[in-house]
Amino acid sequence: MTNPESASKNLKSSRRVALVIQYLGTHFHGWQRQVGQRTVQEEIEKVLLSIEHRSVTLHGAGRTDAGVHAAAQVAHFETTGSIPPEKWAKVLNTQLPKDILVLASAEVNSRWHARFSASWRRYRYTIYTDSQPNLFVRPLAWHYYYAPLDATQMQAALDPLIGKHDLTAFHRSNSGRAHSWVEVQEAKCARASVCSSTDRQGSFIHIEIQANGFLYGMVRLLVGLLVQVGKGERSPEEFTQLWVNQRREEVKYSAPAKGLCLLRVGYPEFPFPPEVWFDNQPKFMFWQPTFQF
């Protein structure tokens, strides 16, 4: 039988630590721990085990799919050790693999939860449209050069998404979620300008979606359909009618995982300053000289 006094002592000594985490998803089978697969959650939990000498569960703000990146994923765990909460980032980084980086750590109260306390998540999808391949761009963007993409039309297709909707059309099967209702707070699509004195259009299209939560596979299915609008195969109105009428069978293509990044997560109360978590994925932009070398 557990000694109540001992249990109370252990409870008091336990602290909840929040982490802001970056990872390159290329060589991960997603965030969530899976038997026989390399995942972000398991890699961090292995380090926590080696430090705490006990099994520690890491709770994430969201589950990214295989190959998806994160600029500022948020997670928390319980510790009974003596390491100060603000030092955990440095301690973890000494043992984590090179494709994971903990940006910051801080103590939070016992009611704060990385997933359930979050008000919103924001994803960015990057499309590279130049016909010339680029090795440095390849791991972080979808190289789509088969047809020109009209970012203005793509934005027009996104505008009606703002609000609370049933987005069954963008919900992959095999999800445990009971419904497909999502409150989309912001949806943007823009082509990056060339860094020069001219007004030329750049080679990158950035799509950003912010919502209270995301369905399994939602952003990649949405981007796959949005590209059809960009190249003129569908009108923005057709795009809207498809999801309004929940025609999931017509959403046949999912954009590649490598172009997707969990950009940031928002909370009513967050112990980290904006420079730690707000916008930590650099946007690609090529510089176009206006003179000849």
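See the structure shown above.
Because the structure is a prediction, the values reported are computed rather than measured. (Residues numbered from 1 in each chain as written. Predicted model: local features only at pLDDT ≥ 70, side-chain atom pairs only at ≥ 80, totals over all residues. Heavy atoms only, no water.)

**Student:** Could you give me a rundown of the environment of tryptophan 31, with the residues and numbers involved?
**Tutor:** Locating tryptophan 31 in the fold gives a position in the loop between β1 (15-23) and α2 (40-52). For tryptophan 31, a relative accessible area of 3% translates into the label buried. In this structure the C-alpha to C-alpha distance between tryptophan 31 and alanine 156, which are 125 residues apart in sequence, comes to 32 Å. Leave out the neighbours within four places in its chain, and tryptophan 31 touches Ile21, Tyr23, Thr39, Val40, Gln41, Leu58, Gly60, Gly62, Arg63, Thr64, Gln73 and Ala75. (Helix = DSSP H or I, 4+ residues; strand = E, 2+ residues; numbered from the N terminus. Buried < 20%, exposed > 50% of the residue type's maximum accessible area, 1.4 Å probe, protein only. Contact = heavy atoms within 4.5 Å.)

**Student:** Report on helix α5 (residues 218-230), specifying residues and quantitative values.
**Tutor:** Here α5 contains 13 residues, and its C-alpha end-to-end distance of 18 Å stays within 8% of the 18 Å for a straight helix at 1.5 Å per residue. Within α5, 13 of the 13 residues are buried, which leaves it mostly tucked inside the rest of the structure. With its phi angle positive at about 90°, glycine 232 sits one or two positions after the end of α5. (Expected span 1.5 Å × (residues − 1).)

**Student:** Describe the side chain of threonine 240, listing the residues and the values that go with them.
**Tutor:** Residue placement: threonine 240 occurs in helix α6 (residues 236-244). Threonine 240 has contacts with Ala157 and Pro160, leaving out every residue within four places of it along the chain.

**Student:** I'd like to hear about the state of the cysteines, residue by residue, with values.
**Tutor:** Applying the stated criterion across every chain yields a total of 0 disulfides. Free cysteine: cysteine 189, not disulfide-bonded; nearest cysteine sulfur from cysteine 261 at 17 Å. On the accessibility criterion, cysteine 261 (3% relative accessible area) is buried. (Disulfide = S-S within 2.5 Å.)

**Student:** Which residues make up the pattern of salt bridges, and what values go with them?
**Tutor:** All chains considered together, the criterion is met by 17 salt bridges. We note a salt bridge from arginine 33 to glutamate 45, for which the minimum N-O separation is 2.8 Å. Of this pair, arginine 33 sits in the loop between β1 and α2 while glutamate 45 sits in helix α2, and the two are 12 residues apart along the sequence. Between arginine 247 and glutamate 250 there is a salt bridge, with the nearest N and O atoms lying 2.7 Å from each other. The class of glutamate 250 is partly exposed, set by a relative accessible area of 26%. Through salt bridges that share partners, Arg122, Arg124, Glu186, Lys188, Glu208, Asp279 and Lys283 make up one connected network. (Salt bridge = Lys/Arg side-chain N within 4 Å of Asp/Glu carboxyl O.)

**Student:** Report on the packing of α5 against α6, specifying residues and quantitative values.
**Tutor:** Following both chains from N to C, one finds α5 and α6 inclined at 150°, their axes separated by 9 Å at the closest point. As judged from the angle between their axes, α5 and α6 are roughly antiparallel. Crossing geometry of α5 relative to α6 is assigned as right-handed. Along the contact surface, α5 presents Leu222, Leu225, Leu226 and Val229, while α6 presents Pro236, Phe239 and Leu242. The class makeup of the residues in the contact of α5 with α6 is 7 nonpolar, no polar and no charged. (Axes fitted to C-alpha atoms, helices over the stretch in contact; angles between N-to-C directions. Parallel < 35°, antiparallel > 145°, perpendicular 65-115°, else oblique. Left-handed = near helix turned anticlockwise from the far one by under 90°. Nonpolar A, V, L, I, M, F, W, Y, C, P; charged D, E, K, R; others polar.)

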